[in-house]
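Here's the letter readout for the chains.
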Amino acid sequence: MKKMFLFLLAMTAAALGAVELEIDGKFNDFNNTWRISSHKIGTVEVVPDKGVNYVQLAAEEGIRASIGILTAGMGVQSKKGDEFTISVDVKGGPLEIALLEYGNKKYLGSSKKIFKASKKSTTYKVTFSVRELTTDAVRFRFQVKRGAAAVISNVKVDQKSSAAPAK
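Model, not experiment: these values are computed from the prediction. (Residues numbered from 1 in each chain as written. Predicted model: local features only at pLDDT ≥ 70, side-chain atom pairs only at ≥ 80, totals over all residues. Heavy atoms only, no water.)

Caption draft 1: Just the nonpolar core, in detail. Judged by nonpolar contacts, the single largest core of 28 residues is most densely connected at L57, V88, L95, I97, F140 and F142. Only β4 (52–59), β5 (66–70), β7 (83–93), β8 (95–103), β10 (118–129), β11 (137–145) and β12 (149–160) provide two or more residues apiece to this core. Not counting residues up to four positions away in its chain, the partners in contact with L57 are T43, V44, I67, G68, I69, L95, F142, Q143, V144, A148, A149 and A150. (Core = buried A, V, L, I, M, F, W, Y, C linked by side-chain atoms within 4.5 Å. Buried < 20%, exposed > 50% of the residue type's maximum accessible area, 1.4 Å probe, protein only. Helix = DSSP H or I, 4+ residues; strand = E, 2+ residues; numbered from the N terminus. Contact = heavy atoms within 4.5 Å.)

Next up, the structure:
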């Protein structure tokens, strides 16, 4: 059964100078079974529990198998030097968290961090800096690969804007 969902990313100002923004938290291409050609690569499922949406990602075995969710739209406005701190509660894994950079509606590159698998729910936290000079937006991705499964919840993203250039 295919379904779309709204997964809210809570923004909080963690430090002086941080900017609080609302993110379009819809994830694109969200459905229960993803395929490349005729090969199943994984499943994504939303499990609501007591007002919290848990997202379960499960990748099939195989070298090309991976499954992830990605924030939709053209993401959050940003520029070189901005910092994003992402925290997420995770059980399972390993889980890859990535910041994808876009400029003029084109993909420019990404930064990523892979966290080891955990048998109990663990809060992972990572900070990425926007690297590309022409970046005007970023998106966030959560992904598992090759036979891994993870459940994520309580996603929070803090943005700290870089200082404006001196005139």
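Caption draft 2: Geometry of the side chain of Q143. Within the element layout of this structure, Q143 appears in strand β11. A polar atom in the side chain of Q143 sits 2.9 Å from the side chain of R141. With near-sequence residues (within four places) excluded, Q143 lies in contact with L57, S66, I67, G68, P94, L95 and E96. (Polar contact = N/O pair within 3.5 Å; in protein donor to acceptor, adjacent residues only side chain to side chain.)

Caption draft 3: Region of the structure containing the packing of aromatic side chains. On inspection of all chains with the given rule, the structure shows three aromatic pairs. Look at F84 and F140: their rings are 5.6 Å apart centre to centre, the planes differ by 65°, and that puts the pair in the edge-to-face class. Highlighted residues: F84 in strand β7 and F140 in strand β11, separated in sequence by 56 residues. For the pair formed by F84 and F140, the shared burial category is buried. Their ring planes at 70° and their centres at 5.9 Å tell us that Y102 and Y107 sit as a pair that is edge-to-face. We classify Y107 as partly exposed; its relative accessible area is 48%. Of note, K113 hangs over the ring of F115, and the distance from its end group to the ring centre comes to 5.4 Å. (Phe/Tyr/Trp six-rings, centres within 6.5 Å; stacked < 30°, edge-to-face > 60°. Lys NZ or Arg CZ within 6 Å of the ring centre and 35° of its normal.)

Caption draft 4: Region of the structure containing the pairing of β5. Burial runs high along β5: four of the five residues are buried. When β5 meets β11, the two strands line up antiparallel, connected through five bridges. In the strand pairing of β11, S66 is matched with K145. (Pairing = 2+ DSSP bridges.)

Caption draft 5: Region of the structure containing unusual backbone geometry. Of note, the bond from G93 into P94 is cis; its omega dihedral lies within 30 degrees of zero at 5°. The residue P94 is located in the loop between β7 and β8 in this model.

Caption draft 6: Expanded view of the pattern of salt bridges. Under the criterion given, the structure shown has four salt bridges. K112 serves as the salt-bridge partner of E96, at 4.0 Å between the closest nitrogen and oxygen. Here the residue E96 occupies a position in strand β8, and K112 occupies one in strand β9 (residues 106–115), the gap between them amounting to 16 residues. The exposure class assigned to K112 is exposed, which follows from its relative accessible area of 51%. Linking R141 and E96 is a salt bridge whose minimum nitrogen-to-oxygen distance equals 2.6 Å. Taken together, the positions of R141 in strand β11 and E96 in strand β8 put the pair 45 residues apart, joining distant regions of the chain. We note that R141, like E96, is buried. In the salt-bridge network here, residues are joined through shared partners; they are E96, K112, R141 and K145. (Salt bridge = Lys/Arg side-chain N within 4 Å of Asp/Glu carboxyl O.)

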